[in-house]
Amino acid sequence: MKIPTLYIFESKLSGRGVFSTEDIPAGSVIEICPVILLPPDQVKAIESTELYDYYFQWTEDEQSCAIALGYGSLYNHSFKPNARYYTDFETNTLDIIALNDIPAGEEITFNYNGEPDDMEPVWFMEQ
């Protein structure tokens, strides 16, 4: 399995974003991000820091949280994403997969709600 070469660059969406130096075919693995798990009693502490915008709810009951390593916590949100993430609770990874062909230099985005077609507002839109 060949993983594309990723890089961080200024995003037109928000701050920094994740991009690839090469075309990514639909269905390809973009990145497999190991995560640092935090137990439920530490979630409140994370919510009062800058990490609030970068963690993922984790475990089936969504009581724990995880910080994705690699580029995992740096992908921007889109309601028209070109990728999606899968939480793998067995291996404690966040797996990023291309939904469609992504040309080199195009920002890689996923829907923060998890499902690509979920149009519910995300937390930063509710403020």
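Residues numbered from 1 in each chain as written. Predicted model: local features only at pLDDT ≥ 70, side-chain atom pairs only at ≥ 80, totals over all residues. Heavy atoms only, no water.

Caption draft 1: Here's a closer look at the overall build of the chain. Helix and strand content of the chain: one helix and nine strands. For the chain, the N- to C-terminal ordering of α and β elements is β-β-β-α-β-β-β-β-β-β. Radius of gyration (C-alpha) of the chain: 14 Å, near the 14 Å computed for a compact globule of 127 residues. Taken along its principal axes, the extent of the C-alpha atoms in the chain is 40 × 35 × 25 Å. Here the chain holds 127 residues, and 40% of them are scored as buried. The contacts of the chain with a sequence gap of at least 6 include a subset with a gap of at least 24, amounting to 65%. Carbon and sulfur atoms form 52% of the exposed surface of the chain, whose accessible area is close to 7500 Å². (Helix = DSSP H or I, 4+ residues; strand = E, 2+ residues; numbered from the N terminus. Rg over C-alpha atoms; globule rule 2.2 N^0.38 Å. Buried < 20%, exposed > 50% of the residue type's maximum accessible area, 1.4 Å probe, protein only. Contact = heavy atoms within 4.5 Å. Areas by Shrake-Rupley, 256 points an atom, 1.4 Å probe, with all protein chains shown as cover.)

Caption draft 2: How the structure looks around the pairing of strand 4 (residues 55-58). With four bridges connecting them, strand 4 and strand 5 (residues 64-68) associate as antiparallel partners. Pairing of Q57 across the sheet is with C65, part of strand 5. With antiparallel pairing between neighbouring strands as the criterion, strand 4 and strand 5 make up a hairpin whose turn holds five residues, including T59 at a positive phi of roughly 70 degrees. (Pairing = 2+ DSSP bridges.)

Caption draft 3: Spotlight on the environment of Y85. As for its placement among the helices and strands, Y85 is situated in strand 7 (residues 83-88). Each C-alpha atom of the pair Y85 and T109 lies 9.7 Å from the other, and the pair is 24 residues apart in sequence. Setting aside its immediate chain neighbours within four residues, Y85 contacts F56, L94, D95, I96, F110, N111, Y112, N113 and G114. Within polar-contact distance, the side chain of Y85 engages the backbone oxygen of Y112 at 3.2 Å. (Polar contact = N/O pair within 3.5 Å; in protein donor to acceptor, adjacent residues only side chain to side chain.)

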